[in-house]
Amino acid sequence: MKLDDIKISRAIVEGYMEELLDYLDMDVAIGGGGPSGLTAGYYLAEAGLKVALFERKLSIGGGMWGGGMMFNKIVVQDDGKEILDEFGVRTEPYDEGYHVADSVEATATLCSRACKAGLKIFNLMSIEDVMIRDEGITGLVLNWSSVEMAGLHVDPLTVRANAVIDATGHDCEIVRVVERKIGPQLNTPDGRIQGERSMWADAGEAALIENTREVYPNLYVAGMASNAVYGAPRMGPIFGGMLVSGKRVADMIIERLK
Ligand code: 48F
């Protein structure tokens with residue numbers, strides 16, 4: 001077969017544009033492709049919802065590839081192991097209630113299973129703003145990460161969603177935009193972002209589940225963004241809470257939208 005370079009270009013441009021057009025309207029838009037965003041995306045897609053995830057970086061997986069200080073292992077507790085089991089990620093028992101997984105296998109598998117479940121991932125896109133209407137958040141404002149990185153003066157485009165998840169990690173970037181735009185109206189004690197506390201695995205993991213919630217109408221937080229918004233500790237390379245938080249936010253949205 002003789003290859004036609006232009007046909008290859010056409011296949012890529014047509015395929016991408018078709019999907020981008022399709023996802024201008026969706027049920028759920030997720031910001032951030034770390035463990036919590038991927039887990040949420042998997043369960044939402046499994047439930048039959050139309051869901052896309054927007055990730056700033058080239059690679060999906062956020063802070064899970066590097067394990068702890070580049071020792072590429074992650075630790076999960078029993079409830080996190082149950083989720084890894086469902087994904088088909090192998091774990092080794094360590095001590096009672098502690099399980100160890102290879103972070104590369106875990107990250108790659110989460111990404112693969114979420115895509116196969118029907119989650120559409122757009123990488124290399126940065127969320128720079130949200131759409132705010134009377135009823136709450138109604139969508140995301142996106143631009144190419146390369147535009148952001150180069151500091152180019154290029155206007156963004158928008159996508160509409162019935163629910164948005166901030167899974168952007170420690171910086172809780174989506175909630176931060178909302179706070180900046182509308183002032184202290186978040187569902188937190190003083191309406192503002194409370195800020196992440198110093199590392200304490202036990203307290204951080206316990207608080208995370210409680211903190212996985214709707215922080216403003218139609219805007220949910222999951223993963224490390226939850227603890228950053230609600231003023232709870234970070235927890236380092238223990239990932240059970242991230243997975244459970246992703247599942248929890250998915251369950252909350254499924255119950256609401258279905
Ligand atoms: O940081 P990240 O892995 O978030 P997570 O799911 O998991 C946290 C753990 O990795 C770890 C931890 C475990 O105890 O504390 O840190 O809460 O992934 C967040 C992803 O969001 C992307 C970012 O590139 C990363 O891949 N991201 C952040 N801001 C934006 C964004 C944005 N404005 N637009 C698009 N993507």
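Residues numbered from 1 in each chain as written. Predicted model: local features only at pLDDT ≥ 70, side-chain atom pairs only at ≥ 80, totals over all residues. Heavy atoms only, no water.

- Going by what an unreviewed UniProt entry lists, the protein is known as Thiamine thiazole synthase and is assigned to Methanothermobacter wolfeii.
- UniProt, in the comment section headed Subunit (unreviewed entry), describes the protein in these words: "Homooctamer; tetramer of dimers."
- Annotation of the protein in UniProt includes, under Pathway (unreviewed entry), the sentence "Cofactor biosynthesis; thiamine diphosphate biosynthesis." (UniProt positions renumbered as here; feature names shortened; annotations may be inferred.)

Thoughts on the sheet that holds strand E4 (residues 92–93)
Now for step 1: Strand order in the open sheet formed by three strands is E3-E5-E4, and the pairing between neighbours is antiparallel. The open sheet is flanked by strand E3 (73–76) and E4, the only strands paired with a single partner.
Now for step 2: Most of the contacts of helix H4 (residues 103–117) go to strand E5 (residues 99–102), to which it runs at about 75 degrees, and overall it touches E3 and E5. (Pairing = 2+ DSSP bridges. Helix = DSSP H or I, 4+ residues; strand = E, 2+ residues; numbered from the N terminus. Contact = heavy atoms within 4.5 Å. Axes fitted to C-alpha atoms, helices over the stretch in contact; angles between N-to-C directions.)

As for unusual backbone geometry
Now for step 1: A positive phi angle, near 70 degrees, is found at methionine 70, a position not held by glycine.
Now for step 2: Given a relative accessible area of 75%, methionine 70 falls into the exposed group.
Now for step 3: The phi dihedral of cysteine 172 is positive, around 35 degrees, even though this residue is not glycine.
Now for step 4: Tracing the chain through its elements places cysteine 172 in the loop between strand E9 (157–166) and helix H6 (173–182).
Now for step 5: Taking relative accessible area as the criterion, cysteine 172 reaches 0% and is therefore assigned buried. (Buried < 20%, exposed > 50% of the residue type's maximum accessible area, 1.4 Å probe, protein only.)

Things to note about the site of the ligand
Now for step 1: Around the ligand sit 26 residues, and of these Ser36, Glu55, Gly63, Met224 and Gly236 come closest.
Now for step 2: One of the backbone N or O atoms of arginine 56 is found 3.1 Å from a nitrogen atom in the ligand.
Now for step 3: The backbone of glycine 236 places a nitrogen or oxygen atom 2.4 Å from an oxygen atom of the ligand.
Now for step 4: In isolation the ligand exposes 730 Å². Once the protein is present, 93% of that is buried.
Now for step 5: Listed by contribution, the elements that provide at least two residues to the shell around the ligand are helix H2 (35–46), strand E2 (51–55) and strand E7 (125–133).
Now for step 6: With three residues, the single largest contributor to the shell around the ligand is E7. (Near = heavy atom within 4 Å. Polar contact = N/O pair within 3.5 Å; in protein donor to acceptor, adjacent residues only side chain to side chain. Areas by Shrake-Rupley, 256 points an atom, 1.4 Å probe, with all protein chains shown as cover.)

Focus on the UniProt feature "binding site: glycine" (unreviewed entry) in the protein
Now for step 1: According to UniProt, the feature "binding site: glycine" (unreviewed entry) maps to Arg234 in the numbering used here.
Now for step 2: Along the chain, arginine 234 turns up in the loop between helix H8 (224–230) and helix H9 (240–257).
Now for step 3: Exposure remark for arginine 234: the relative accessible area of 35% places this residue in the partly exposed category.
Now for step 4: Not counting chain neighbours up to four residues away, the residues in contact with arginine 234 comprise His170, Glu196, Arg197, Ser198, Met199, Trp200, Ala201 and Met224.

What to know about the pattern of salt bridges
Now for step 1: Applying the stated rule across the entire model yields 12 salt bridges.
Now for step 2: Arginine 56 is the salt-bridge partner of glutamate 173, the closest N and O atoms lying 2.9 Å from each other. Residue glutamate 173 is found in helix H6, and its partner arginine 56 is found in the loop between E2 and E3; the two are separated by 117 residues along the sequence.
Now for step 3: Using a relative accessible area of 26% as the deciding quantity, one classes glutamate 173 as partly exposed.
Now for step 4: Owing to a relative accessible area of 31%, arginine 56 belongs among the partly exposed residues under this scheme. (Salt bridge = Lys/Arg side-chain N within 4 Å of Asp/Glu carboxyl O.)

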